[in-house]
Each structure stands twice: as structure tokens, then as C-alpha cells.
Amino acid sequence: MAADPTTTAVRSSARTGLDADALKRGVLDNLICLQARPPGIATPHDWYMALAYSVRDRMLARWAATFQTYAERELRVTCYFSAEFLIGPQLGNNLVNLGIEANARAAMQALGQDLDALLAIEEEPGLGNGGLGRLAACYLDSLATLEIPSVGYGIRYEFGIFDQEIRDGWQVEVTDKWLQKGNPWEIVRPNVAYYVAFGGHTQSETDPQGRLRVQWIPAHMVKGVACDTPMLGFRVNTCNTLRLWKSEAVESFDLQDFNAGDYYQAVQEKVISETLSKVLYPNDEPEAGKRLRLAQQYFFVSCSLQDMLRLLDLKGEPVGRFADMFAAQLNDTHPSIAVAELMRLLVDVRLLPWDEAWSITRRTLAYTNHTLLPEALETWGLPLFRGLLPRPLEIIYEINRRFLDEVRQRYPGDDARLARMSMIDEAGEKKVRMAHLATVGCCAVNGVAALHSALLKQTVMRDFAQLWPERFHNVTNGVTPRRFMLLSNPGLARLLDKTVGEGWVTDLTRLRALEAHADDAAFQDEWRGVKRANKEALAQHIRSAVGVVVDPTALFDIQVKRIHEYKRQHLNALYVVTLYQRLRRDPQRAVAPRCFVFGGKAAPGYAMAKLIIRLINGVAEVVNNDPAMDGRLKVVFFPDFNVKNAHFIYPAADLSEQISTAGKEASGTGNMKFMMNGALTIGTLDGANVEIREEVGDQNFFLFGLTAEQVEQIHCEGYRPADCVNANEELREALDLIAGGHFSRGDRNMFRPLIENLRQTDPFLVLADYAAYVACQEEVSAAWQDARRWTRMSILNTARAGKFSSDRAIREYCEQIWKIHPVSVDLDQRL
Ligand SMILES: *Cc1c(COP(=O)(O)O)cnc(C)c1O
């Protein structure tokens, strides 16, 4: 076929060409034209920006083709609503998904720059706390890779999750200034903006057609401006959008106030509206119950729904087709105000009858529940809610009135049930229950792991599951193998390509073919070689971050995740103290050398979590400075656990710590990232651990601890932690050593709140699971001594991780919940 001159031009264009030469020309162009720097004085950051812009150029060609395709076709779009998107560094991922990493490396080398050094410069957008925000990001990667028309909707926080520093063993929070040096991936669209009302009051009137209309007279308005980040799929042309809203004042000054001389009042309004998207709330599980938080939620939900209505109008579709064009997934209850806001937009603004609006709302929305922890179930005090959102509250009351009528008909005379199911908690200070609003207003409710979905139906959602059993689903979480294997573990990726073929990246179940090699000695050597190199790389990072030298031949035993009592980092720390005691007592004792690595942020207001960080650092200081521990035991707290650091931590693990109190971790996703990278898991029967063990087989998983059922039973019977201490001499000693100031330079007060909490109430059954955990760790040590057995287990973990790809999870959402199909995008025809 003769070369089409346009296509040839595109292929070699500095904006779109994928070869090293076109990339090099693109980088030089962007260095001068966008970064405004001549090469002679460009800093590494300038080169990073120029390369990022050049990668973005290639993505935008695909983004435009995607947009065109979606505009022309009849299709349904998934809108993923999430208050958090923890997308991680973008440059490396985009190079991998475009398939031009090698070309970019060559191009930069020709320009005298090292690609790895440039990748290390990138600041990550920390627009999430942990698992929930990272899940949303993995799902965007899978949505694009599977060619599903989709948009991510959220908040463009100016300050994301704080950076964590460790001073004197304590966590210190430092503001995250991720935007300081500019964000090359973001496209701000001042012309895509919506107004969001707050406060004030409502008025009823009868319109000329004789219908009752409610008008909301707000106290003030905030403007939301779209900030887009392109989300490219792996080796496809589909480039979807992450659309985050930033708040702006409607007017720079309220002129009336200004003319009246109240300059400060005028500026105050501006300050409030600009504060809205200023900062992410740094609480992982419990809700702060703050007014600004509710305002943030309503702000991004309202902008997003208005945006969807505008897209409908642009397509020339009537509003009655809304649910045919969109499926909206609510990531936890944070966006659940969408139920009331969509009703408001349809009834008050688009003037639809209530029943039609309700049908549209119910067919559009679906809700993912992420927690059973009672303190994390979102509720808002009624006065706060009414003051901020008077009209949405009226709508919630009307939804609730109709809903309770339905319950009354189904269960006549059951007032207790009515009170339990109401959207308003009437006991004590009245509150709005957001999970109830979401459940009533959505066509589907899903949990995030099989155990979690089952417990959801038995506990917090019991009444709803009885009323509407067909509404409840399970979609076990997944993570993207592009970022967490291909990008962050290139050594493993090469070995997998060679052994099972490259198809595993988009069909992770193909890793099953590794099983045939699990006992092959030569393959085992290669496998160990990859792990060894990853451990050496982590050792280097540890050395430069905390100044501790660790031995890459030791067992790397890693627990990285938010610090939380239910996740039980303190159980792990108690084991470290126990091991330390044993080694001190018996200097001749032969042990498998271990390096314990901890990482994770604590919510700034969560004193117990911060004390756990202090304990880990106290233990690390003592252990690492004791010559008797040399070559046997090391402890590291790796500061500032985020996606960027996760890239080199997960691939270096031998052992993955997943030790939450059974029934408390909804799913976990860190457990999956470790497994894919060949770590063995020590864990409880909690969240997705249950399914990980099912997949890998019980001989290849270190199981310990109480089951969710036993945990429930112990709490019912009355738990006495003192009994556990009295029954176990080593446990008593470990607690005494901590309480006696051994890890706090003699300070006997420092850890008192932690030790007293464990001895007196121990709400997460740390002491009840201690003996089983220690015994299980002994099994781990024994298994580690047999390198061939361990390597076989490691290979089998990767081989059987296929289920935990986010591609599988997204396919399940598409089939079970959204009823959405892929739409492929053709690039060449559109340029
Ligand atoms: C995966 C991930 C998490 C979630 O970890 P869990 O072990 O599931 O709690 C949190 N933070 C980051 C940066 C992650 O990559």
C-alpha cells in the first residue's frame, strides 16, 4: 500500500511521532516553546517538563480521537465519582502505556539526559489518602485499557496528602506543594465551569402551569472549573479523562459590599470559595464530620452532574435519556449526595416530574461500600446539613418519606425497623445517614471482597439486604499490573515476557503458565536474581532515606499501608520486640536474618497511630544499634509511603504483612500488589486475603489468627486482654520492656497510652492473636531456610495472582452493574 502523505507526516511529526528522533525534536521544541528555556541553561526539571509535554502531545492526539469517537457513537459512559484519586507519578506510566519507554530513553540520551533521573524528579499528585484513592486510579487505568468510555470525577486539591517526615521518631506533617513547579499533565478549562449554591433558604411557588416549584435562594455561590488529566490505556488509542474541579470565587469582589465600604466582607467571600478545594482531609477511615468536607463533597458532585447534563445537551439527547447515556459509580459514601443533587437538577432545574426523575436517578447511580467500621460510616448533623444545603435536605426528606412508606407497607407495624432504616438517625442529635441515602438511591450496592460483601449483608446493611436482595453484589478489588508490575518491576516483567509471553500484561491469568516452571532450578535462580536486584535497590533507598544499612540477603518482611489500629502494625512491632528478646537472651541462637520494613502515614489527629510510629522508630533505634543484633535483625521505618515509594517497595518484599483484625479490612489492595510481585503473605482471614489464599492454596499462605466470627463471639462474651498476658510469658515481657522505657530512652510515660490500651481494652484483639502470630512467624522462618521451597512458593504466588488484576474487577462492574461495552478508537483515520 502506498504511504499516505498525511499519515507519514503524523508518524514523524515532533508532536505525534513515536520514534526516538521525533521525540527528541518534540522535547527540544517544548523546552523552548513551553518551558521557555534554551538547552544550554536548562535544569533537569526543565528537561523533565519538556519530556512530559512531549509525551502529553502524543496522548492528546489519542484523546482527541477518543473524544470524536464518543461524540459520534451511541454509547453509555461510566462516570467514576471519587473524592480521591491517588494516581501516582504519570511520566513513567504514560511511557509504558504508549510503548515508547525505550525510544524516550534513547531520545533523552541523545540530548545528554538520563531518563531515570528525570523520572525521579516527578512530584506525585497526592490527591488521596491510601487504598480508596489508589483503587480509583487503578480503575481508570483498566477502564482506558479495556476501551470503556469513562470519566473520573473528583476534586483538584491544591494541597494533597501531607508529606511525612520523621523527626526524633515522631511523624511530622509537611504541606504537600505538588503544584509549586507546575503540573504538565493538567489542562485547565476555564470555559468548562459550573456554579454551586450554598446556604440560604428555599421558597415555594406555583408556576404558570399550576405545579409547585421550589426555588433555592443561596447565601453564596462557588464556581467550579474543570482541570483535566488525560488517562491513556495500555497500547490502545483510548485516552479517557480524569476531570477534577477546582473552586473559584464567582466574582473577585462583591461590588455591593465593596461600594458599601465593607472591603473585608467582600474578600471573606472570596476566601471561603477558594478554600473549598484547597486541601484534602487526611483521614483515611474515620470521618471528620466537618462542614468544609461536606461542602467539598457537594461541590464536586454538583459540578460533575451538571457537566453530565451539559454533555447530554451537546449530544442533542433529551434529559429522559440520561440514565441510558450514563452510569455513575459512587466510590464510598463521599459522593452519595449525588442522589439528592441529581434529583434536584432534574426536578427543580429540568422540571421533570418526581417519579420520572427518581427512575432516572435510580437507574444511573450505583454505590460501592468500603467499610464496616461504625466510626467510618458517614453521617452529618442535621443543623450543619440544613445550614449548608437546605434544598438538598428537603429532597432527602421527600425521598425518605416515600421510602419509609414502602417499608411500612412491606413490614406493617415494625417501627423499630423503620427507625433503623430511615435516612435520618433520630436517636440523640439528629443525623443524616449517607449510606442509607446511597443504598436507597442506587440500583446496585457492592462490597469490595467476598467476605466484606457477605458481612455487609449480615451487619450494617442487613435490613436493606432483606428488602432488596437483588440489589447487593460483590466486586472484589483489583490493582493494575501495568503500574505495579510492568512499570515498577521491569526485571520481573522481562522474565515473565520470556517465560509466558507478553500477553500477561492485559490478561493476568496467563501467569498460570509459570506453574510449570516453579520447580525448575534454572528458572528459580533467575527468579531469585530478580528479587535480589529489587532488594538491593530498596536497600539503597533505605540507606539514603534513613541511613540504615540493610543486608539484601535477609528476609525482607514488609508492612506498608496507612497506620491504623485495625491494621495492627503494633502486633508486628510486638513480634519484633519478642524476636529481639530471644536473640538478646541467646546470642548463639541461629536465626534466619530478617529486615522488618514499616511504612505509612497516620492521620494528623490520630494520636494512637502516631504513637505506633514512634514505637516502631524506638524499636528500630535500639535494635539497629545493638551489636548483638548485627546480621540477624534490622528494623526500618521508611518515611513518606506514597505511590512513588511503593514502586520500589512492593517488588522487594519476601513477606507481605496483612494482619488486620478479621472482619475489619474491607478488601485491601496492598496484599494484591505484594502477591503479584512474588511475596508470600502472612495474614488473617480478612478482606481479600481470603481469596488470595483460595487462589494460591493454603500451603503457600501463612495463615493465623481469629476468624471474623470468632472476633464477634469474643466481643460478645466479654474480652479480657489480661488473660492473654497472664497466659504468655513472652508477651508479658515484651509489654513490660516497652512500658519500662527500653525503646523510649528510659521514658516510662511515652508509650503508656498504647500499653494501657492493649492491657485494658485491646479493641482490635492484638493480644488475643499474639501467640498465633508468633507461632506462624516461626513457620515463616522455617520455610525461608529452604530456599528452593520458598522460591517455589514465591513463583506460585505470582502465577496465581491473575484474579487480582483491576481488569477483572472492571469487567465485572461492566457486566454486573453498568451494562457497558468497549468502544475501540481508531487513530489513523482521525488525524
Ligand atoms: C496500595 C496502596 C495502599 C493500600 O494499601 P493496603 O495495604 O491495602 O491498605 C495505600 N497507599 C498506597 C500508596 C498504595 O499504593
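Residues numbered from 1 in each chain as written. Predicted model: local features only at pLDDT ≥ 70, side-chain atom pairs only at ≥ 80, totals over all residues. Heavy atoms only, no water.

## Description of the site of the ligand
Neighbouring the ligand are 14 residues; Lys561, Lys567, Thr669, Gly670 and Lys673 lie closest to it. Here an oxygen atom of the ligand sits 2.8 Å away from a polar atom, N or O, in the side chain of Lys561. Between an oxygen atom of the ligand and a main-chain N or O atom of Thr669, the distance comes to 2.8 Å. Isolated, the ligand exposes 390 Å² of accessible area, and the fraction of that covered by the protein chains is 96%. Put simply, the ligand lies in the largest cavity. Listing elements by their share of the shell around the ligand, those giving two or more residues are α7 (131-145) and α26 (670-676). (Near = heavy atom within 4 Å. Polar contact = N/O pair within 3.5 Å; in protein donor to acceptor, adjacent residues only side chain to side chain. Areas by Shrake-Rupley, 256 points an atom, 1.4 Å probe, with all protein chains shown as cover. 1 Å grid on protein atoms, 1.4 Å probe; cavity = no way out; pocket = protein on both sides within 12 Å on 5 of 7 lines; lining within 4 Å. Sits in = over half its atoms within 2 Å of the grid points. Helix = DSSP H or I, 4+ residues; strand = E, 2+ residues; numbered from the N terminus.)

## Digging into the pairing of strand β18 (residues 594-599)
Along β18, 6 of the 6 residues are buried, which leaves the element largely enclosed by surrounding structure. Bridge count between strand β17 (residues 555-560) and β18: 6 bridges; the pairing is parallel. Opposite Leu555, over in β18, you have Arg594 as the bridge partner. On the question of chirality, the crossover connecting β17 to the parallel β18 by way of helix α23 (residues 569-585) is right-handed. Of the pairings in the sheet, the one linking β18 to strand β19 (residues 633-638) comprises 6 bridges and is parallel in character. Paired with Val597 across the bridge in β19 is Val636. A crossover connection joins β18 to the parallel β19 through helix α24 (residues 607-624); in handedness this β-α-β unit is right-handed. (Buried < 20%, exposed > 50% of the residue type's maximum accessible area, 1.4 Å probe, protein only. Pairing = 2+ DSSP bridges. Right-handed = clockwise from strand over helix to strand, strands pointing away.)

## Some remarks on the sheet that holds strand β12 (residues 379-381)
If you trace the 3 strands from one edge of the open sheet to the other, you get β12-β14-β13, paired in antiparallel fashion. Edge positions in the sheet fall to β12 and β13 (424-425), since each has one partner strand and no second. Judged from the 3 bridges that link them, β12 and strand β14 (residues 431-433) form a sheet pairing that is antiparallel. The partner of Thr379 across the bridge, within β14, is Arg433.

## Digging into the domain arrangement of the protein chain
We note that the domain assignment places domain 1 (73-88 + 124-469) and domain 2 (496-800) within the protein chain. Centre-to-centre, using C-alpha coordinates, domain 1 lies 36 Å away from domain 2. Taken residue by residue, the interface counts 33 residues in domain 1 and 39 residues in domain 2. Note on domain 1 versus domain 2: buried area summed over both sides is about 2800 Å², and carbon and sulfur give 62% of it. (Domains from an automatic or database assignment. Contact = heavy atoms within 4.5 Å. Buried area = accessible area lost by both parts, 1.4 Å probe.)

## A word on the side chain of Asn97
Along the chain, the position of Asn97 falls in helix α4 (residues 91-98). Separated by 3.2 Å, the side chains of Asn97 and Asp141 make a polar contact. A polar atom in the side chain of Asn97 sits 2.9 Å from the backbone oxygen of Leu232.

## Comments concerning the packing of aromatic side chains
This model, assessed by the stated rule, comprises 25 aromatic pairs. Relative to Tyr650, the ring of Phe641 lies with its centre 6.2 Å away and its plane at 75 degrees, an arrangement referred to as edge-to-face. On the accessibility criterion, Phe641 (15% relative accessible area) is buried. Accessibility expressed as a relative area gives 3% for Tyr650, which makes it buried. Ring centres of Phe704 and Tyr773 lie 5.0 Å apart, and the angle between their planes is 45 degrees; this geometry places the pair in the tilted category. Of this pair, Phe704 sits in the loop between β22 (702-703) and α28 (708-717) while Tyr773 is found in helix α32 (residues 766-785), placing the two residues 69 residues apart along the sequence. No difference in accessibility class separates Phe704 from Tyr773, as the two residues are buried. When the ring centre of Phe556 is taken as reference, the NZ or CZ atom of Lys535 above it lies at 4.9 Å. (Phe/Tyr/Trp six-rings, centres within 6.5 Å; stacked < 30°, edge-to-face > 60°. Lys NZ or Arg CZ within 6 Å of the ring centre and 35° of its normal.)

## Concerning the pairing of strand β3 (residues 163-167)
Note that β3 and strand β4 (residues 170-174) share 5 bridges and pair antiparallel. Its bridge partner being in β4, Arg167 is matched across the sheet by Trp170.

## Focus: empty space enclosed by the protein
This model, assessed by the stated rule, comprises 10 cavities of 30 Å³ or more. Volume-wise, the largest cavity comes out at about 710 Å³. Around the largest cavity, the lining comprises 44 residues; the ones closest to its centre are Gly130, Gly131, Leu132, Asp284 and Lys567. Contributions of two or more residues to the lining of the largest cavity are made by α7, α25 (643-649) and α26. Top element by residues in the lining of the largest cavity is α7. It accounts for 4 residues. Among the residues making up the lining of the largest cavity, the classes are represented as 14 nonpolar, 17 polar and 13 charged. A domain split of the lining of the largest cavity shows at least three residues from each of domain 1 (73-88 + 124-469) and domain 2 (496-800). Its volume calculated, the second largest cavity comes out at about 120 Å³. Contributing elements (two or more residues each) for the lining of the second largest cavity: α4, α7 and β8 (220-232). Residues that form the lining of the second largest cavity fall into these classes: 4 nonpolar, 5 polar and 3 charged. (Points joined across faces, edges and corners; volume = space filled by probe spheres on them. Nonpolar A, V, L, I, M, F, W, Y, C, P; charged D, E, K, R; others polar.)

## Some words on the sheet that holds β18
Reading across from one edge, β19-β18-β17-β20-β21-β22 is the order of the 6 strands in this open sheet, with parallel pairing throughout. The open sheet has two edge strands with one neighbour each: β19 and β22. Lying on the sheet, helix α22 (residues 521-546) is in contact with β17, β18 and β19; it crosses β19 at an angle near 70 degrees. (Axes fitted to C-alpha atoms, helices over the stretch in contact; angles between N-to-C directions.)

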